[in-house]
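One letter stands for each residue in the lines below.
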Amino acid sequence: MTAPHDPNDDDILAAEYVLRLLDTAGHRQFEARLRDEPALRDLVHEWEARLAAIAASEVEEVAPPSTVKLAVFSAVAPETRETSSRRSWFTGLIGVAAAAAIAFVAIGPLLRDQVDLSPKFQTELASADGELVLVAGVIPAIHEIVIERVAGQAPEGRVLELWLIAEGSDAPISLGLLQTTGETRIRVADDIAPSVRSGTIAISEEPPGGSPTGMPTGQVLATGTFVDI
Amino acid sequence: MTTPAEIEKMIAQTALRDQSAFSALYDATSGKLFGVCLRVLNNRGEAEEVLQEVYIRIWHKADNYAVTGHSPMTWLITVARNLAIDRLRTRKAPTRDIETVFDLADEGPGPEAAAIASSQRTQLNACLDELEPERADAVKQAYLAGETYKDLAARHAVPLNTMRTWLRRSLLKLKECLTR
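Residues numbered from 1 in each chain as written. Chains lettered and ligands numbered in written order. Predicted model: local features only at pLDDT ≥ 70, side-chain atom pairs only at ≥ 80, totals over all residues. Heavy atoms only, no water.

- The name given to chain B in an unreviewed UniProt entry is RNA polymerase sigma factor, with the source organism recorded as Litoreibacter meonggei.
- Its UniProt record, at the heading Sequence similarities (unreviewed entry), says of chain B: "Belongs to the sigma-70 factor family. ECF subfamily." (UniProt positions renumbered as here; feature names shortened; annotations may be inferred.)

- Taking an unreviewed UniProt entry as the reference, chain A is identified by name as Anti-sigma-K factor RskA belonging to Litoreibacter meonggei.

So, in C-alpha cells, the structure goes:
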C-alpha cells in the first residue's frame, strides 16, 4: 500500500510529533502506528529527551501560587483515602457512606419531624506547625458544618475562611468566615451539600471581611477530608 | 537542590500513592514546570490551570515513568510541555497581531539566554550553537513556545515549505551532533 519507510523519515516524523508540528490527520496516523511499533516509541522517547534539555537549560523557575497545590491535592486526596482504607473496613464503610449520602440528598429533608442533629462526618484541621487546630463536623440532616476551635486563632488583623473543594473540581468554593471565638456553624447551600462528604475542606487566612476575590488569597493553613463518625 | 536520584525516588513513591512524597515532588519541581507552562502559554491563568492538570496527571501516571526510560526531569518536563501544547492548540484560531509577533521575536536568544549558554555549556547548547542562529531559534521556539510551521514561517518571513525543510534539517543536524 505504501512504500517502505525510510528510517530517516520516521526519525523526523517522531521529532515533528514530539514538537506537535504534524497536522491533525498526520498526528492521528502517527499515534496509531505508535501503538504497534515499539521502535517508533523509542524514537519518540529519544526526541523527548533531546528536546527537554532545551527547557532544562533555558526555562527559569517561577513559583506557582499556593492555590494550585491546594487544588492538586484536593483532586488526588479522595483516592488516597480509599486506597489506604480498602483492606480493612472500607467495604462496610462505603455502604454506610452511600446510604448516608442518599439520606443526605434524598430523604433527609422529608424527615424534618425526627431530624437527627448529630454530626455524621468529621475531620481535624490542623496547621503544619500545630498552632491552629480545629475540628469540623457535618450534620447532614440540616446541611450544617460545625467548626470547633481546639487551639490557636487567626493571625493578627486577619480572619479565617472555610473553603470546600469538591471532588473532581479545581476551584475552591467559599463556605464562610469563622467566628473569632468559640464554635462556628455554617449552613451549606443545598446544591453544594452533597459534595461535602467526598470533597476537601480548607482554612485560609484572609483580610477582614474575607477573600475579596472569591479564591483564597492568603496562606492556606490547614486542609482535611471527612471521615464517617 | 534536589538531586535527580531524589526526584526519581519521589516519583516511585508517588506511584505507590505516598502523598507526602508527592508533596515533596511538587515542592521540588513545580517552579520549573510552571516556568515551562508559562513559556508555552504566555498567559498566567492558563498556565496555572495546566500546571494543576500536570500534577494530577503525574499522580495518576507515576507508574508509567519507568517505561519511558527518561531521566526524572525529562519525564516531568515532557508531561508539562505536552499538556501546555495541547491547551495552546485548542485555543481558538490564533488572533496574533503584529505586535504579539514582535514580542515573541524579542524573546529569542537575547543577552540573557546567551549568558545562560556560556555559564552552563551543556552539550545541547553546544550543538544548538552549531546551527545558524535563526535556525537554532526556530527549534527553540517550536519546543518552548509551541510555534507551528506557519508561525515560524511568518516570523522568519520565509515560505512554509522552506521553513519545513530548515527545521527538519536542523533537527537531524542536532541529533547528529548530540550522538557524536
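1. Here we look at the overall build of chain A
Here's step 1: Broken down by element type, chain A carries 5 helices and 9 strands.
Here's step 2: From first element to last, N terminus to C terminus, chain A shows the α and β order α-α-α-α-α-β-β-β-β-β-β-β-β-β.
Here's step 3: Counting across all 229 residues of chain A, residues that qualify as buried make up 45%.
Here's step 4: Taking contacts inside chain A between residues at least 6 apart in sequence as the whole, the part at least 24 apart equals 57%.
Here's step 5: Put simply, chain A shows about 11,800 Å² of open surface, and 55% of that area lies on carbon and sulfur atoms. (Helix = DSSP H or I, 4+ residues; strand = E, 2+ residues; numbered from the N terminus. Buried < 20%, exposed > 50% of the residue type's maximum accessible area, 1.4 Å probe, protein only. Contact = heavy atoms within 4.5 Å. Areas by Shrake-Rupley, 256 points an atom, 1.4 Å probe, with all protein chains shown as cover.)

2. Description of the nonpolar core
The tendency in soluble globular proteins is for nonpolar side chains to be buried side by side.
Here's step 1: Core analysis: the largest hydrophobic core is formed by 75 residues, its most contacted members being Val54(B) and Ile58(B).
Here's step 2: The element that contributes the greatest number of residues to this core is helix α2 (residues 19-41) of chain B, accounting for 10 residues.
Here's step 3: Excluding its chain neighbours within four sequence positions, the residues that come into contact with Ile58(B) are Thr14(B), Phe22(B), Leu25(B), Leu33(B), Trp75(B), Leu76(B) and Val79(B).
Here's step 4: Among the nonpolar cores identified, the runner-up in size contains 23 residues, and Phe121(A), Leu134(A), Ile147(A) and Val196(A) belong to it. (Core = buried A, V, L, I, M, F, W, Y, C linked by side-chain atoms within 4.5 Å.)

3. Some thoughts on the interface of chain A and chain B
Here's step 1: Contacts between the two partners involve 41 residues from chain A and, on the opposite side, 56 residues from chain B.
Here's step 2: Summed over both sides, the interface of chain A with chain B buries roughly 4,500 Å², with 64% coming from carbon and sulfur.
Here's step 3: Between the two partners, chain A and chain B, sit 5 salt bridges.
Here's step 4: For Arg20(A), the salt bridge identified is with Asp86(B), shortest N-O distance 4.0 Å.
Here's step 5: Where chain A meets chain B, there are 15 residue pairs in polar contact (both at pLDDT 80 or more). (Buried area = accessible area lost by both parts, 1.4 Å probe. Salt bridge = Lys/Arg side-chain N within 4 Å of Asp/Glu carboxyl O. Polar contact = N/O pair within 3.5 Å; in protein donor to acceptor, adjacent residues only side chain to side chain.)

4. Observations regarding the packing of helix α8 (residues 123-130) of chain B against helix α11 (residues 160-178) of chain B
Residues and elements named next belong to chain B.
Here's step 1: For the pair α8 and α11, interaxial distance at closest approach is 9 Å and the crossing angle is 135°. Regarding the angle of α8 to α11, the classification is oblique. In the packing of α8 onto α11, the handedness of the crossing is right-handed. Touching Gln123, Leu124, Cys127, Leu128 and Glu130 of α8 are Leu174, Cys177 and Leu178, all from α11. (Axes fitted to C-alpha atoms, helices over the stretch in contact; angles between N-to-C directions. Parallel < 35°, antiparallel > 145°, perpendicular 65-115°, else oblique. Left-handed = near helix turned anticlockwise from the far one by under 90°.)

5. A short note on the sheet that holds strand β3 (residues 144-151) of chain A
Here's step 1: The strand order β6-β3-β2-β1-β9 (chain A) describes an open sheet built from 5 strands, whose pairing is antiparallel. Sheet topology places β6 (184-187) and β9 (227-228) of chain A at the edges, where each strand pairs with a single neighbour. (Pairing = 2+ DSSP bridges.)

6. Topic: helix α3 (residues 44-61) of chain B
Here's step 1: Counted at 1.5 Å a residue, the expected span for α3(B) with its 18 residues is 26 Å, and the 25 Å between its end C-alpha atoms agrees.
Here's step 2: With a side-chain oxygen positioned 3.1 Å from the backbone nitrogen of Gly45(B), the residue opening α3(B) is Asn43(B). (Expected span 1.5 Å × (residues − 1).)

7. Points about the side chain of Glu16(A)
Here's step 1: Checked against the element boundaries, Glu16(A) lands in helix α1 (residues 7-18).
Here's step 2: Among residues more than four places away in sequence, those in contact with Glu16(A) are Leu21(A), Leu22(A), Tyr149(B), Arg164(B) and Arg168(B).

8. Observations regarding the sheet that holds strand β4 (residues 159-165) of chain A
Residues and elements named next belong to chain A.
Here's step 1: The antiparallel open sheet is built from 4 strands, whose spatial order is β5-β4-β7-β8. If you trace the sheet from one side to the other, it starts and ends with β5 (173-177) and β8 (220-225), each paired once. Taken pair by pair, the neighbouring strands of this sheet meet at an average axis angle of 25°, ignoring direction.
Here's step 2: Here strand β7 (residues 200-206) pairs with β8 via 5 bridges, running antiparallel. Within β8, the position partnered with Ser204 by the bridge is Val220.

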